[in-house]
Amino acid sequence: MHIFSGETSGARMAQEAAAKTLIFPIIDLSSPDRVATSRLIRQACVDSGFFYLINHGIDEDMFEQVFDQSKKFFQLSIQEKLELSRNKDHRGYTPLYVETLDTSIKSKGDSKESFYIGPVPIEGSSSQETHIDDVNQWPSEATLPHWRATMEAYYDKVLSAGIRVISLIALALNLSEDFFMRVGALDSPAAFIRLLHYPGELPSSEDLNFGASAHSDYGMITLLLTDGVNGLQICREKDKQPQIWEDVPHLKGAFVVNIGDMLERWTNCLFRSTLHRVIASGQERYSQYKQYII
């Protein structure tokens, strides 16, 4: 489905056009044909900056555990969550309406709450990450048993999948697949997990109401996992008016991968960092993403 939106006087402009399913390429991370896979990634990054990722090495059981633990955290009282408010190192909890990703709109803030988890020391690793303090904030084991262990295990698995994607991106740019490793970009990657909760019913307002207002990601790549509730939209031509917004269908078990501003700049705008947003659908929605700043 396409949605046309303009710039008119702060009023919500949403008009449905002819139904059309937005289809991204599906990248199989287990494919032995890495050259063909990298070509498919290149085409996706040039066309829309988005693709699906399957066979990434993370099973459905792990996804269910992460969603379950995420829900348990967001179901805590606001007082308990604020005890873990985001610190100067950008780890921890951010309440509803604190962030507004699109500052050009009239809004009380984006209708989402979130929790940031940054790089964690990896036991037995020789990387620099073992020599830094863990500045993440964690719910106590008494409050949420196994929460930290689940998130640390998930962080490690998604980090591994992301590094494999980055090696394919190097091939897609006609570089050697170990290019980013050789230049030191992966020595201690600045990768962040962000747990997100979008409430269902919200108070009515004359302001625009988005779960996440329009933005592009500032890092290298983002791997997004959703619970199946719709809401994600992209605008492939961000500089054209009126803007055309397209719904991104959910693909069970797959990550939605998108290119960030950093990679767009590195490729001299060959690869696209595409404008996207999450609309408030009236349904409660959970998601989590891992962003690779590098």
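Residues numbered from 1 in each chain as written. Predicted model: local features only at pLDDT ≥ 70, side-chain atom pairs only at ≥ 80, totals over all residues. Heavy atoms only, no water.

(A) Structural detail: the overall build of the chain. A count of helical and extended segments in the chain gives six helices and 14 strands. Here the chain, with 294 residues, has 49% of them falling under the buried criterion. In the chain, the share of contacts with a sequence separation of at least 24, taken over all contacts with a separation of at least 6, comes to 76%. As presented, the chain carries roughly 14,300 Å² of accessible surface, and 51% of it is formed by carbon and sulfur atoms. (Helix = DSSP H or I, 4+ residues; strand = E, 2+ residues; numbered from the N terminus. Buried < 20%, exposed > 50% of the residue type's maximum accessible area, 1.4 Å probe, protein only. Contact = heavy atoms within 4.5 Å. Areas by Shrake-Rupley, 256 points an atom, 1.4 Å probe, with all protein chains shown as cover.)

(B) Expanded view of the layout of surface pockets. Empty space within the second largest pocket amounts to approximately 470 Å³. Together, 27 residues line the second largest pocket, and Arg194, His215, Asp217, Tyr289 and Gln291 are the ones closest to its centre. Mapped onto the lining of the second largest pocket, the elements with two or more residues apiece are strand 7 (191-198), strand 8 (210-215), strand 9 (221-226), strand 13 (275-279) and strand 14 (285-292). Of the residues assigned to the lining of the second largest pocket, the class counts are 13 nonpolar, eight polar and six charged. (1 Å grid on protein atoms, 1.4 Å probe; cavity = no way out; pocket = protein on both sides within 12 Å on 5 of 7 lines; lining within 4 Å. Points joined across faces, edges and corners; volume = space filled by probe spheres on them. Nonpolar A, V, L, I, M, F, W, Y, C, P; charged D, E, K, R; others polar.)

(C) Broad picture of the side chain of Ser38. By secondary structure assignment, the location of Ser38 is in helix 1 (residues 34-47). Using a relative accessible area of 5% as the deciding quantity, one classes Ser38 as buried.

(D) Empty space enclosed by the protein, seen in detail. One pass over the full model with this rule turns up two cavities of 30 Å³ or more. A volume near 100 Å³ is recorded for the largest cavity. Along its surface, the largest cavity is lined by 15 residues, and Thr226, Val248, Pro249, His250 and Arg285 are the ones closest to its centre. A per-element tally of the lining of the largest cavity places strand 9 first, with three residues. A per-class count over the lining of the largest cavity returns nine nonpolar, five polar and one charged. What the second largest cavity holds in volume is close to 60 Å³.

(E) Fine view of the confidence of the model for the chain. Confidence in the prediction for the chain averages 87 pLDDT; 86% of positions are at 70 or higher. Per-residue pLDDT stays below 50 along residues 1-20; that stretch engages in 44 contacts with residues further than four places along the chain or on separate chains. The low-confidence segment residues 125-131 (pLDDT under 50) makes eleven contacts with residues lying over four places distant or belonging to another chain. (pLDDT = per-residue confidence, 0-100.)

(F) Structural view of the pairing of strand 4 (residues 50-54). Among the five residues of strand 4, four are classified as buried, and the element is accordingly described as predominantly covered. Here three bridges tie strand 3 (residues 26-28) to strand 4, and the two strands are oriented parallel to one another. The partner of Asp28 across the bridge, within strand 4, is Ile54. You can see the chain leave strand 3, run along helix 1 and come back into strand 4, and the turn it takes is right-handed. Pairing of strand 4 with strand 12 (residues 255-259), which is carried by four bridges, proceeds in the antiparallel orientation. Of the residues in strand 12, the one forming a bridge with Phe51 is Val257. (Pairing = 2+ DSSP bridges. Right-handed = clockwise from strand over helix to strand, strands pointing away.)

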